[in-house]
Amino acid sequence: MGYFGLIAGHTDESDDEAGLTCMISNSRIPENYEPGRFHLFGAGMYVILKPKTASIFSGLVKHGGTPPIAPKGVTPSEDAVRLMVVLYCPKAALTPDGTSMPLASLPNGMPLILGPEITNP
Amino acid sequence: MVIHDFFSGPHKPKITEHGIWSHDGHVVMNDISHLKLIATSLLQTCSYVTGQMQTPVTIDINKFMESFSIKADGGDIHLPSWTAGENNSVTLSPATAIISQPQSSSHSTSPTPFTMEDYRRCRQVEAINWINLQERLSSVRPRLQPVRAEEYQERRDAVNSASGPLRRNGIKFHFIHHLKYNIDYIFI
């Protein structure tokens, strides 16, 4: 993935070029709040992040978001929560010659890593 | 005393603090998918180890996979068989896992042998398809630092190369002296 949560926008340089990211808004925000917006700069569009909204996009293009905002003069509720679930496509898992997978635990407490030399017969 | 050196009793494995698929995979996948992942990983590991032997070793993948099962309400769940399909794709038959009754000695008819060579060919085709997809999608997604067409070709060449990342033929192992020392030590 990479850096996230930056209003200025960013790209997820560790994502695979052939994959897409799915971002699901699962926030709990009062109806009268501004829920925040998710911007895809290259496409010149944004998505209003109402709860249960899913955005599917390439993490390799510049994207960014704005936070939820309480109405003017209203103290933000303590149980207003933003929760974004991001299903992304790491290059390390998908690129044919670069996969590295922590398979199991070794007796010395270190992970047994299956690198591309092992996973590619 | 000697036996103690070789077998000190069963131990509960110490689990690393890293996220690992064997221990944590059940969180994101169902039992049969988890078993498929672990069995396939063990197959790849076995192939990697036997590939270091001087004698060429053939692994019958279907026999290997057949030996894994998990308990279910109706009996044991076994993994499906692999068959080389058209264009070097892998077909799973049946598409879902097989449930056998506990008293049944054999859960299916003998599947067609599927070797690591078949597996490697299928993986190569899969890798080329993935690189082609990467290139196609990159051509319609604007990026600040686009990947050059030559780089995609290099990736394809690496996959098709005799000593590339998907081929182990070129690998040489340099531990013969060390191994000989250990063998001498064992027999002293």
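Just so it is clear, the structure is predicted and the values come from calculations on it, not from any experiment.

(A) Local environment of the nonpolar core. All names here are of chain B. Judged by nonpolar contacts, L35, I61, M65, L79, W82, F114, M116, Y119 and C122 together constitute the single largest core of nine residues. Of all the secondary structure elements, the ones that give two or more residues to this core are helix 4 (61-66) and helix 5 (116-138). Looking at this core, the element that brings in the most residues is helix 5, giving three residues. When residues of this core are assigned to domains, at least three fall in each of domain 1 (13-114) and domain 2 (115-188).

(B) Representation of the domain arrangement of chain A. Taken domain by domain, chain A consists of domain 1 (1-89) and domain 2 (92-121). Taking only C-alpha atoms into account, the centre of domain 1 of chain A sits 32 Å from that of domain 2 of chain A.

(C) Spatial organisation of the sheet that holds strand 2 (residues 37-40) of chain A. Residues and elements named next belong to chain A. Strand order across the open sheet formed by three strands is 3-2-5, with antiparallel pairing between neighbours. Either end of the sheet is taken by a strand with one partner, and the two such strands are strand 3 (45-48) and strand 5 (63-65). Taken pair by pair, the neighbouring strands of this sheet meet at an average axis angle of 20°, ignoring direction. Across three bridges, the pairing between strand 2 and strand 5 is antiparallel. By the bridge assignment, L40 is partnered in strand 5 with H63.

(D) Quick look at the sheet that holds strand 6 (residues 84-87) of chain A. All names here are of chain A. One open sheet holds the three strands; their spatial order is 4-1-6, and the pairing between them is antiparallel. The open sheet has two edge strands with one neighbour each: strand 4 (54-57) and strand 6. Between one strand axis and the next, the sheet turns by 15° as a mean value, whatever way the strands run. The pairing of strand 1 (residues 21-25) with strand 4 spans four bridges and is antiparallel. Among the inter-strand pairings, T21 is bridged to a residue of strand 4, identified as F57.

(E) Spotlight on the interface of chain B and chain A. Counting from both sides, the interface comprises 33 residues of chain B and, opposite them, 23 residues of chain A. Of all the elements in the fold, those that place two or more residues in the side of chain B that touches chain A are helix 2 (21-24), helix 3 (31-50), helix 5 and helix 6 (149-160) of chain B. Partitioned by chemical class, the residues of the side of chain B that touches chain A number 17 nonpolar, eleven polar and five charged.

(F) Unusual backbone geometry, seen in detail. Residue and element names in this part refer to chain A. Its identity as a non-glycine residue notwithstanding, K52 has a phi of 70°, on the positive side. Here K52 is to be found in the loop between strand 3 and strand 4. By the C-beta count within 10 Å, which is 8 here, K52 ends up exposed.

(G) Just the domain arrangement of chain B, in detail. All names here are of chain B. Parsing chain B into structural domains produces domain 1 (13-114) and domain 2 (115-188). Taken residue by residue, the interface counts 14 residues in domain 1 and nine residues in domain 2. Considering only residue class, the side of domain 1 that touches domain 2 consists of six nonpolar, seven polar and one charged.

Calculation notes
- Residues numbered from 1 in each chain as written.
- Chains lettered and ligands numbered in written order.
- Predicted model: local features only at pLDDT ≥ 70, side-chain atom pairs only at ≥ 80, totals over all residues.
- Core = buried A, V, L, I, M, F, W, Y, C linked by C-beta atoms within 7 Å.
- Buried ≥ 20, exposed ≤ 12 C-beta atoms within 10 Å, placed from the backbone.
- Helix = DSSP H or I, 4+ residues; strand = E, 2+ residues; numbered from the N terminus.
- Domains from an automatic or database assignment.
- Pairing = 2+ DSSP bridges.
- Axes fitted to C-alpha atoms, helices over the stretch in contact; angles between N-to-C directions.
- Contact = placed C-beta atoms within 7 Å.
- Nonpolar A, V, L, I, M, F, W, Y, C, P; charged D, E, K, R; others polar.

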